[in-house]
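The chain contents come next:
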Amino acid sequence: MNRVLVIGGGPAGMMAAGQAATHGAEVVLLEKMQRPGKKIAISGKGRCNLSNSAELPEFIRHFGRNGRFLYQAFQHFFNQDLIDFFEGQGLKLATERGGRIFPAQGNAPDVVRTLRQWLEELSVSLRPNSAVEKLLIDNGKITGVLCNGHPVYGRAVILAPGGASYPATGSSGDGYKLAASVGHSIVPIRPGLVPVITQGDLAQRLAGLHLRNVGVRLIINDATGGKKGSKRQKKCTAFGELLFMKYGLSGPVILTLSNQIVDALQADKQVQLILDLKPALDEQKLDARLQRDVQNRHKEPMQSMLRGLMPEKLVQVCLDEIGLAPDRLAGEMRAKERKRLRFWLKNIPLTITGYRGFTEAIITCGGVSLKEVDPRTMASTCCPGLYLAGEVLDLQADTGGYNLQAAFSTGWIAGRSAVEHCLN
Ligand SMILES: Cc1cc2nc3c(=O)[nH]c(=O)nc-3n(C[C@H](O)[C@H](O)[C@H](O)COP(=O)(O)OP(=O)(O)OC[C@H]3O[C@@H](n4cnc5c(N)ncnc54)[C@H](O)[C@@H]3O)c2cc1C
């Protein structure tokens, strides 16, 4: 019997199923939800950022220290292979700013449709509403799964049920329990690429405000570290779009920094963000700009002058923060006050007190330990016949198409390796 069972109809599972079928296996794809690919359909704000055109070393860097695990999978199936695959199936792709690769029509459900059509042509048996509850093991080898209370048998099983984020799409952490049941270690999971919660009411006052070019400095203080109780500090900077929420901050620049923030908060460290609203101007240039504005608009009230410097929503907050009366004339601004304004524009401090949960996290950090998975085949080293692919693994990357490429590439390898296992 060369039957391969695939658990999970996400990008990893669909790619694995198609590869296994292409190489001669009878494939059953078990999907918990009514339809496969629910997460793909909402990915990239409904446009699906499938991959990135970055070169291999840079691509790998976006996965942090676990990225090396992906070298072999990417050697076999990388970004250009993914483009060739989808274009070969009739879905045209386009590369945008930052190397981000999308369907040319910008429609994520087209990606799901393309994959489903491919699987249909390959006669993959897709079973929706099929939740796998257990892996069946006999004499230390996998023999199948228990699904909706019934056994389903196969020579090899590919575990691709995703992580724990956005559970409404079907990925609600089942994979960790299934993997742990056959002896896999699970690196503690935490929400990744997730909005953060800030102290005070600043974010609430600015809720809904979207800023495009903001500099963000992340400062992590290790209150417990250092000699004689002194504080150790870690700093890093990022630049990009930011969104104020009622509870705190979101937007690409925050999501990018969020994995470091979550880890620091979990380690009881103090986390602060410093926002720079004028990253393109150094102190001197900003001062010259403020002096010019004060001169040109000296007969206008302060609030009207500030509207030329920042979005309307920020004006009242700015006046309050630096203690200026809104109706005083701009020409009356003292050098001391201008200095305070200049400092505030480049140094808005926000203390981070927490982060949102898995329901709002784009990815899950942590997962099945990579030490127990062969990077050449995606085979489990704990259970012969079991293969793992996608977000269930302890792999996490920045936004930019890296996570989906990893799901497709690990799925590609797992599908082929599972067939080889069946033939041996
Ligand atoms: C809102 C959002 C936007 C995103 N945008 C992007 C983006 O633009 N680019 C990018 O690279 N990444 C993006 N990501 C991340 C990316 O979608 C995931 O990393 C990727 O989908 C993981 O693929 P996967 O196949 O491992 O798991 P999933 O896509 O989560 O699929 C797992 C599947 O397994 C099924 N399943 C779970 N448990 C069981 C079970 N017990 N039995 C049977 N089936 C089961 C689930 O129902 C699901 O269909 C986004 C994520 C979110 C939440």
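All values derive from a computational prediction rather than experimental measurement.

### Focus on the overall build of the protein
Argument step 1. The helix and strand inventory of the protein stands at 14 helices and 19 strands.
Argument step 2. Structurally, the protein occupies a C-alpha span of about 85 × 55 × 35 Å along its principal axes.
Argument step 3. Relative to its 424 residues, the protein shows a buried fraction of 53%.
Argument step 4. Counted over contacts in the protein with a minimum sequence separation of 6, partners at least 24 positions apart contribute 72%.
Argument step 5. Roughly 19100 Å² of accessible area belongs to the protein as shown, and the carbon and sulfur atoms make up 49% of that amount.

### Notes on the pattern of salt bridges
Argument step 1. Tallied over the full model, the rule gives 20 salt bridges.
Argument step 2. When the shortest N-O distance is used, the salt bridge between Glu26 and Arg3 registers 3.1 Å. Here the residue Glu26 occupies a position in strand β2 (residues 26–30), and Arg3 occupies one in strand β1 (residues 3–7), the gap between them amounting to 23 residues.
Argument step 3. Overall, Arg3 belongs to the buried group, its relative accessible area being 17%.
Argument step 4. A cluster of three or more residues bridged by salt bridges with shared partners is formed by Glu283, Asp287, Arg338 and Arg342.

### Observations concerning the site of the ligand
Argument step 1. Inspection of the region around the ligand gives 34 residues, with Glu31, Asn49, Asp174, Glu391 and Leu404 positioned closest.
Argument step 2. The separation between an oxygen atom of the ligand and a polar main-chain atom of Ala12 is 3.0 Å.
Argument step 3. Interatomic distance of 3.1 Å between a backbone N/O atom of Lys32 and a nitrogen atom of the ligand.
Argument step 4. Alone, the ligand offers 1000 Å² of accessible surface; in the complex the protein occludes 95% of this.
Argument step 5. In the shell around the ligand, the residues fall into 15 nonpolar, 14 polar and five charged.

### Some remarks on the sheet that holds strand β8 (residues 141–147)
Argument step 1. Sheet architecture is open: three strands sit in the order β7-β8-β9, paired in antiparallel fashion. Edge positions in the sheet fall to β7 (132–138) and β9 (150–153), since each of these pairs with one other strand and no more. Taken over all neighbouring pairs, the strand axes of this sheet differ in orientation by 35° on average, direction set aside.
Argument step 2. When β8 meets β9, the two strands line up antiparallel, connected through four bridges. In the sheet register, Val145 faces β9, and the bridge partner there is Val152.

### A short note on the nonpolar core
Argument step 1. Core analysis: the largest hydrophobic core is formed by 85 residues, its most contacted members being Val4, Phe86, Leu115, Leu135, Val145, Leu393 and Phe408.
Argument step 2. Per-element accounting of this core gives the leading share, 11 residues, to helix α14 (residues 402–423).
Argument step 3. Residues in contact with Leu135, not counting those within four places in the same chain, are Ile7, Ile142, Gly144, Val145, Val157, Leu178, Ser181, Val182 and Leu386.
Argument step 4. Residues Ile254, Leu265, Val294 and Met333 belong to the second largest nonpolar core, which totals 47 residues.

### Focus: the packing of helix α1 (residues 11–22) against helix α6 (residues 108–121)
Argument step 1. Between α1 and α6, the least distance of the axes is 10 Å, while the angle of their chain directions is 25°. Viewed along their axes, α1 and α6 adopt a mutual orientation that is roughly parallel. For α1 against α6, the interelement crossing comes out left-handed. Here Met14, Met15, Ala17, Gly18, Gln19 and Thr22 of α1 come into contact with α6, specifically with Leu115, Trp118 and Leu119.
Argument step 2. Partitioning the contact of α1 with α6 into residue classes produces six nonpolar, three polar and no charged.

### Describing the domain arrangement of the protein
A common way to report how large an interface is uses the accessible area buried once the components associate.
Argument step 1. You can read the domains of the protein as domain 1 (3–190 + 362–423), domain 2 (196–279 + 348–355) and domain 3 (293–339).
Argument step 2. Each of domain 2 and domain 3 was reduced to a C-alpha centroid, and the two centroids are 27 Å apart.
Argument step 3. Across the boundary between the two partners, domain 2 contributes nine residues, which contact eight residues of domain 3.
Argument step 4. Taken together, the two surfaces of domain 2 and domain 3 that pack against each other cover about 730 Å², and 69% of this comes from carbon and sulfur.
Argument step 5. By the criterion of area lost to domain 3, the three top residues of domain 2 are Arg205, Leu206 and Leu209, representing 55% of everything that side buries.
Argument step 6. Inspection of the domain 2/domain 3 interface yields one salt bridge.
Argument step 7. Among the salt bridges present, the one from Arg205 reaches Asp320, with a minimum N-O distance of 2.7 Å.
Argument step 8. Seen at the junction of domain 2 and domain 3, the total is three residue pairs in polar contact (both at pLDDT 80 or more).
Argument step 9. Tallied by class, residues from the side of domain 2 that touches domain 3 come to six nonpolar, one polar and two charged.

### Points about helix α10 (residues 283–296)
Argument step 1. End to end, α10 covers 20 Å across 14 residues, agreeing with the expected 20 Å (1.5 Å per residue, within 8%).
Argument step 2. The set of residues buried in α10 consists of Leu286, Asp287, Leu290, Asp293 and Val294. Along the axis of α10, the buried residues cluster in a sector spanning 125°; they form a single face. Along α10, the residues that are exposed and aim more than 90 degrees away from the buried face are Gln284, Lys285, Gln295 and Asn296.

Criteria and cut-off values
Residues numbered from 1 in each chain as written. Predicted model: local features only at pLDDT ≥ 70, side-chain atom pairs only at ≥ 80, totals over all residues. Heavy atoms only, no water. Helix = DSSP H or I, 4+ residues; strand = E, 2+ residues; numbered from the N terminus. Buried < 20%, exposed > 50% of the residue type's maximum accessible area, 1.4 Å probe, protein only. Contact = heavy atoms within 4.5 Å. Areas by Shrake-Rupley, 256 points an atom, 1.4 Å probe, with all protein chains shown as cover. Salt bridge = Lys/Arg side-chain N within 4 Å of Asp/Glu carboxyl O. Near = heavy atom within 4 Å. Polar contact = N/O pair within 3.5 Å; in protein donor to acceptor, adjacent residues only side chain to side chain. Nonpolar A, V, L, I, M, F, W, Y, C, P; charged D, E, K, R; others polar. Pairing = 2+ DSSP bridges. Axes fitted to C-alpha atoms, helices over the stretch in contact; angles between N-to-C directions. Core = buried A, V, L, I, M, F, W, Y, C linked by side-chain atoms within 4.5 Å. Parallel < 35°, antiparallel > 145°, perpendicular 65-115°, else oblique. Left-handed = near helix turned anticlockwise from the far one by under 90°. Domains from an automatic or database assignment. Buried area = accessible area lost by both parts, 1.4 Å probe. Expected span 1.5 Å × (residues − 1). Arc of directions from axis to C-beta.

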